[in-house]
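Each chain, letter by letter, is given below.
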Amino acid sequence: MPGIHPTPAELAQTAYAAYGTSTGGLTHDGLPLPSWEDLGDTIQTAWAAAAVAVARAVTAPEEEG
């Protein structure tokens, strides 16, 4: 639907899933990646902040100059 945008939580989950896919489901130190639900509020909020920052960067109008 036009005009409907994903929520920060949805963006975060999408980004986290992409990270998991790109790393073979492993963390930076080779351990199994926790499920989204097991991350806890602090880490989920951090992923949401990162996803929102990227969304803003790619949707912001270009600056003239």
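Shown above is the structure to which this text applies.
Residues numbered from 1 in each chain as written. Predicted model: local features only at pLDDT ≥ 70, side-chain atom pairs only at ≥ 80, totals over all residues. Heavy atoms only, no water.

### What about the overall build of the protein?
Worth spelling out the cut-off: Labels follow the DSSP assignment, with helices taken as runs of H or I lasting at least four residues and strands as runs of E lasting at least two, numbered in each case from the N terminus. Atoms considered for the radius of gyration are the C-alpha atoms alone. The globule rule reads 2.2 Å times the number of residues to the power 0.38. Under the scheme applied here, a residue whose accessible area is under 20% of the maximum for its type counts as buried, over 50% as exposed, and between as partly exposed, the area being computed with a 1.4 Å probe on protein chains only. Any pair of residues with heavy atoms lying within 4.5 Å of one another is described as a contacting pair. Where accessible areas are quoted, they stem from the Shrake-Rupley method and a 1.4 Å probe; at the residue level, only the protein chains shown are allowed to cover.
Along the protein, the regular secondary structure elements total two helices and zero strands. Scaling as 2.2 N^0.38, a compact globule of 65 residues should have a C-alpha radius of gyration of about 11 Å, whereas the protein reaches 14 Å, well beyond that. Summarising its shape, the C-alpha atoms of the protein cover approximately 45 × 30 × 25 Å along the three principal directions. When burial is assessed residue by residue, the protein has 14% of its 65 residues classed as buried. Contacts spanning at least 24 positions in sequence make up 37% of the contacts within the protein whose residues lie at least 6 apart. Just so you have it, the protein exposes about 5100 Å², and 61% of that area is on carbon and sulfur atoms.

### Structural notes on the side chain of Thr27
On the secondary structure map, Thr27 appears in the loop between helix H1 (8–22) and helix H2 (41–59). Beyond its immediate stretch of four places on either side in the chain, Thr27 contacts Tyr19, Pro32, Leu33 and Pro34.

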